[in-house]
Protein chains: 2
Amino acid sequence: MTDPTRYPAALLAEACQSKLVTAGALQEDAAETVRALIQASRLGTDSHGVRLIGYYVDMLTNGGVRKRPVRRFEQTAPATGRLDADSGLGHPAAYQATEEAVRLARHAGIGAVTVRHSTHYGAGGVYALEAAKQGFVSLVLSNSDPAVALAGGRTPFHGTNPIAMSAPVRLGKPWLLDMATSSIPFNRVKLYRSLDLPLPPEVALNEEGHPTLDAEQARFLQPLGGMAYGHKGAALAGMVTILSAVLAGADPDPVMISTAEAQSGPTPQNVGHTMVAFDPARFVGQEAFEIGMEQYLALLRTSPAAEQGVPVCAPGDKEWAEAAKRDEHGIPVDPDTERFLDLR
Amino acid sequence: MTDPTRYPAALLAEACQSKLVTAGALQEDAAETVRALIQASRLGTDSHGVRLIGYYVDMLTNGGVRKRPVRRFEQTAPATGRLDADSGLGHPAAYQATEEAVRLARHAGIGAVTVRHSTHYGAGGVYALEAAKQGFVSLVLSNSDPAVALAGGRTPFHGTNPIAMSAPVRLGKPWLLDMATSSIPFNRVKLYRSLDLPLPPEVALNEEGHPTLDAEQARFLQPLGGMAYGHKGAALAGMVTILSAVLAGADPDPVMISTAEAQSGPTPQNVGHTMVAFDPARFVGQEAFEIGMEQYLALLRTSPAAEQGVPVCAPGDKEWAEAAKRDEHGIPVDPDTERFLDLR
């Protein structure tokens, strides 16, 4: 296997924008979607980056995403609001909700916005980062279609329900977490299939809901924590469902139509998100927070490593290192996506 | 081993109150502490219930907890505030912060209060529940002294940093999550020691920071996710540290003095908490939220079980069943605590 070809972000952005607009998306919605995809790709989150362009184009074409949505934001109290995304692309809705949460937090100290009637928004960390760039600690949650078993269950119930969070760091890149509440995403199962390798233990279940190491047989995922502690991963997934879907009025994961169904149309998913922004100035104070983050991160990065030469990392450290590399050398693109974007 | 003797909650409350007041606590602070301990014990969380009474008495006696603290709450914005707990008992501070978060949320839609200079507050679920009883979705976080390795680390760094959350349920008991971000708490290691049993794999490390199954050799814990996915548990612990300690101005876990040191005095820990309350009425709306929770929980509880006869549970279900049992038959008390409380 040769290394994938690398392309400058600007070139990929232009190619993605063109595909989305041709599929019927509004120029400005396409631009926001591209911004999110490129940011995810820059950070090395290829599973949620430009690779997904074909998926969004399919949804626009087949009706799983509305081409010309009319998003409606309503402030409901000094610190809260709700956004109806009108089944449009999830990315512009997620950026808008994040902006509104930050706006509310500037005045009220904290701001929270829920989103309903949204669709797949890519990588939540991208939006969390947007708030951190403006000086806010952020929490970004989204539910998704059923793919993960409950502890003690034998069918897909929760989505992979990622938790994203970011915190600003003075003179440094933000602390950045973006993690599924399953041990691995289903994309990883597909990777093991293509490599013809056995799965790690306690990450996936077969059609009958039994644990399997056979990637071909794997149908859905186990929650973080595996057989013994999966009740914790499942509870975290439930936390995400309640905060981002039940609170928002979106579909709870177990009744959400599948990603595959949404891709072939014509019915959009009703995905929910929640964005929360905290203003550090209204808690410990701006400067004390900055000093506190620096102290915490310095302690973490200098703490003794289990393996010599493999320093301990904070969430986001690897992503920022990858972004620096990709900003210099370009973003690697897999052959299927290259073809889809007419790059070769 | 005979079953521990059971006692009515009221009798235990009286005995605990008397011990705390004799140790110098203010009557009202003692009453709040007892309320939290009894609630944890009712719910079956014995590790954080009345069993801890001797620990709090030691701290009051030796200086790890200030006897007559002057708590200062300051509202900093329409939706936020901060509480300085003045090194008093953590429980009254946690109840007060929860009440203030709810009060702020009534007006602003969401409310968040951080607490600094606090001490060990017992079980976070108790406070989350307090907000849920008043109709609010709540998130309660606290950091703690170093006890859990980083992924790729070989020393204790984060605390067990529990995440607690509760959501109100119409005509039912609240959804209730209270989980450490390690696979097991250190108390569990002690239990395996006393039973002379090997530990489960990937939960604990020895003095040198190597994984061990030997409970006698275990010195600290691995994050949730074990060897392969411990980066997720460690990231969740970091999320709790940032939101509850850095944002609050409390000590980050790795520099917090140990529980044992606080118990022998004279220096209090500087623990941080964060309480967030969301008003469902300001998001999807009160009635829609209630219907949504009922739908979600019905789907969960009727979803197919892996093992016949072992129905799938929501977080809190087991705790509420235990509370019903204990309300009828009393709270079981271990012999050491019985003696400490002069019950035998």
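A quick note: this is a predicted structure, and the numbers were derived from the prediction, not measured. (Residues numbered from 1 in each chain as written. Chains lettered and ligands numbered in written order. Predicted model: local features only at pLDDT ≥ 70, side-chain atom pairs only at ≥ 80, totals over all residues.)

### So, the overall build of chain A
Within chain A, the regular secondary structure consists of eleven helices and 13 strands. The globule rule puts the C-alpha radius of gyration for 344 residues at 20 Å, and the 20 Å found for chain A is close to it. Considered along the principal axes of its C-alpha atoms, chain A spans approximately 55 × 50 × 45 Å. Going through the 344 residues of chain A one by one, you find that 58% of them count as buried. Expressed as a percentage of contacts within chain A between residues at least 6 apart in sequence, the contacts between residues at least 24 apart total 64%. (Helix = DSSP H or I, 4+ residues; strand = E, 2+ residues; numbered from the N terminus. Rg over C-alpha atoms; globule rule 2.2 N^0.38 Å. Buried ≥ 20, exposed ≤ 12 C-beta atoms within 10 Å, placed from the backbone. Contact = placed C-beta atoms within 7 Å.)

### Let's talk about the environment of Val189(B)
Residue and element names in this part refer to chain B. Turning to its location among the elements, valine 189 is positioned in helix α6 (residues 186-195). Put simply, valine 189 and phenylalanine 340 are 151 residues apart on the chain and 23 Å apart in space, counted from C-alpha to C-alpha. Contact partners of valine 189, with chain neighbours within four places excluded, come to Leu199, Ala204, Ala215 and Ala218.

### Quick notes on helix α10 (residues 317-329) of chain B
Within an α-helix, residues lying three or four positions from one another point in the same direction, as the helix has 3.6 residues per turn. End to end, α10(B) covers 18 Å across 13 residues, agreeing with the expected 18 Å (1.5 Å per residue, within 8%). Looking one or two places after α10(B), you find Gly330(B), whose phi comes out positive at around 95°. (Expected span 1.5 Å × (residues − 1).)

### Notes on the packing of helix α4 (residues 90-108) of chain B against helix α5 (residues 124-133) of chain B
Residue and element names in this part refer to chain B. Viewed as axis vectors pointing N to C, α4 and α5 meet at an angle of 30°, and their least axial separation amounts to 10 Å. Looking at the two axes, α4 sits roughly parallel to α5. Here the hand of the crossing between α4 and α5 comes out right-handed. Along the contact surface, α4 presents Ala94, Tyr95, Thr98, Ala101 and Val102, while α5 presents Tyr127, Glu130 and Ala131. Looking at the contact of α4 with α5 residue by residue, the class counts come to six nonpolar, one polar and one charged. (Axes fitted to C-alpha atoms, helices over the stretch in contact; angles between N-to-C directions. Parallel < 35°, antiparallel > 145°, perpendicular 65-115°, else oblique. Left-handed = near helix turned anticlockwise from the far one by under 90°. Nonpolar A, V, L, I, M, F, W, Y, C, P; charged D, E, K, R; others polar.)

### Quick look at the sheet that holds strand β9 (residues 175-179) of chain B
Residue and element names in this part refer to chain B. Pairing is mixed across the open sheet formed by seven strands, whose spatial order is β2-β3-β4-β12-β5-β8-β9. Either end of the sheet is taken by a strand with one partner, and the two such strands are β2 (72-77) and β9. Taken over all neighbouring pairs, the strand axes of this sheet differ in orientation by 10° on average, direction set aside. With four bridges joining them, strand β5 (residues 137-142) and strand β8 (residues 163-167) adopt antiparallel strand pairing. Paired with leucine 139 across the two strands is methionine 165, which belongs to β8. (Pairing = 2+ DSSP bridges.)

### A look at the relation of the copies chain A and chain B
Look at the two chain copies: a rotation about an axis and a shift along it is all it takes to match them. The two copies are related by a screw operation: chain A maps onto chain B through 180° of rotation and 0.0 Å of translation along the axis, at an RMSD of 0.0 Å. The superposition operator between the copies reduces to a two-fold rotation axis. When each C-alpha of chain A is compared by its distance to the rotation axis, Gly225(A) comes out closest, at 2.5 Å. (Least-squares fit on C-alpha atoms with pLDDT ≥ 70 in both.)

### Remarks on the interface of chain A and chain B
Listed as interface residues are 66 residues of chain A and, on the opposing side, 66 residues of chain B. Of all elements in the fold, only β2 (72-77), β3 (80-84), α4 (90-108), β4 (110-118), β8 (163-167), β9 (175-179), α7 (226-246) and α9 (286-301) of chain A reach the threshold of two or more residues within the side of chain A that touches chain B. With ten residues, α7(A) is the largest single contributor of residues to the side of chain A that touches chain B. Of the residues belonging to the side of chain A that touches chain B, the class tally is 44 nonpolar, 17 polar and five charged.

### Observations regarding the sheet that holds β4(A)
All names here are of chain A. The seven strands are arranged β2-β3-β4-β12-β5-β8-β9 in an open sheet whose pairing can be described as mixed. Bordering the open sheet on either side are β2 and β9, each of which pairs with just one other strand. For this sheet, the mean angle separating the axes of adjacent strands, direction not counted, is 10°. Pairing geometry for strand β5 (residues 137-142) and strand β12 (residues 271-278), over six bridges, is antiparallel. When the sheet's bridge partners are listed, valine 137 is paired in β12 with phenylalanine 278.

### Examining helix α9 (residues 286-301) of chain B
Compared with an ideal rise of 1.5 Å per residue, which puts 16 residues at 22 Å, α9(B) spans 23 Å between its outermost C-alpha atoms and is within 8% of the ideal. Every buried residue of α9(B) is accounted for by Phe289(B), Gly292(B), Met293(B), Tyr296(B), Leu297(B) and Leu300(B). When α9(B) is viewed along its axis, its buried side chains cluster within an angular range of 125° and face the same direction. Across from the buried face of α9(B), at angles greater than 90 degrees, the exposed residues are Glu287(B) and Ala298(B). In the core, the buried residues of α9(B) are packed alongside β7 (156-158) and α7 of chain A together with β8 of chain B. (Arc of directions from axis to C-beta.)

### Focus: the environment of Leu11(B)
Residue placement: Leu11(B) occurs in helix α1 (residues 9-22). Placed 332 residues apart in sequence, Leu11(B) and Leu343(B) show a C-alpha to C-alpha distance of 9.4 Å.

### A few points about the pairing of strand β4 (residues 110-118) of chain B
All names here are of chain B. Among the nine residues of β4, nine are classified as buried, and the element is accordingly described as predominantly covered. Here strand β3 (residues 80-84) pairs with β4 via five bridges, running parallel. Each residue of the ladder has a partner; that of threonine 80, found in β4, is alanine 112. For the crossover from β3 across α4 to β4, the handedness is right-handed. In the sheet, β4 pairs with strand β12 (residues 271-278) via seven bridges, with the strands oriented antiparallel. Residue pairing in the sheet places valine 113 in a bridge with methionine 275 of β12. (Right-handed = clockwise from strand over helix to strand, strands pointing away.)

### A look at the packing of helix α2 (residues 27-42) of chain B against α4(B)
All names here are of chain B. Relative to each other, α2 and α4 sit at 80°, their axes nearing to 7 Å. Accordingly, the angle class assigned to the pair α2 and α4 is roughly perpendicular. Here Asp29, Glu32, Thr33 and Ala36 of α2 come into contact with α4, specifically with His91, Pro92 and Tyr95. Residue composition of the contact of α2 with α4, by class: three nonpolar, two polar and two charged.

### Details of the environment of Gln39(B)
All names here are of chain B. Relative to the helices and strands, glutamine 39 resides in helix α2. Taking the C-beta count within 10 Å as the criterion, glutamine 39 has 22 such neighbours and is therefore assigned buried. For the pair formed by glutamine 39 and glycine 125, sequence separation is 86 residues and the distance between their alpha carbons is 9.4 Å.

### Examining the confidence of the model for chain A
All names here are of chain A. Taken residue by residue, chain A gives an average pLDDT of 97. The fraction at 70 or more is 100%. By mean pLDDT, helix α6 (residues 186-195) is the weakest element of chain A at 88, and β4 is the strongest at 99. In the predicted complex, the global pTM is 0.98; the interface-specific ipTM is 0.98. (pLDDT = per-residue confidence, 0-100.)

### As for unusual backbone geometry
Among all residues save glycine, negative phi is the norm, and among peptide bonds the norm is trans. All names here are of chain A. Residues glycine 265 and proline 266 are joined by a peptide bond in cis, for which omega reads 0°. Inspection of the secondary structure assignment puts proline 266 in the loop between α8 (259-264) and β12. At leucine 171, a residue that is not glycine, the phi angle is positive and equals roughly 60°. The residue leucine 171 is located in the loop between β8 and β9 in this model.

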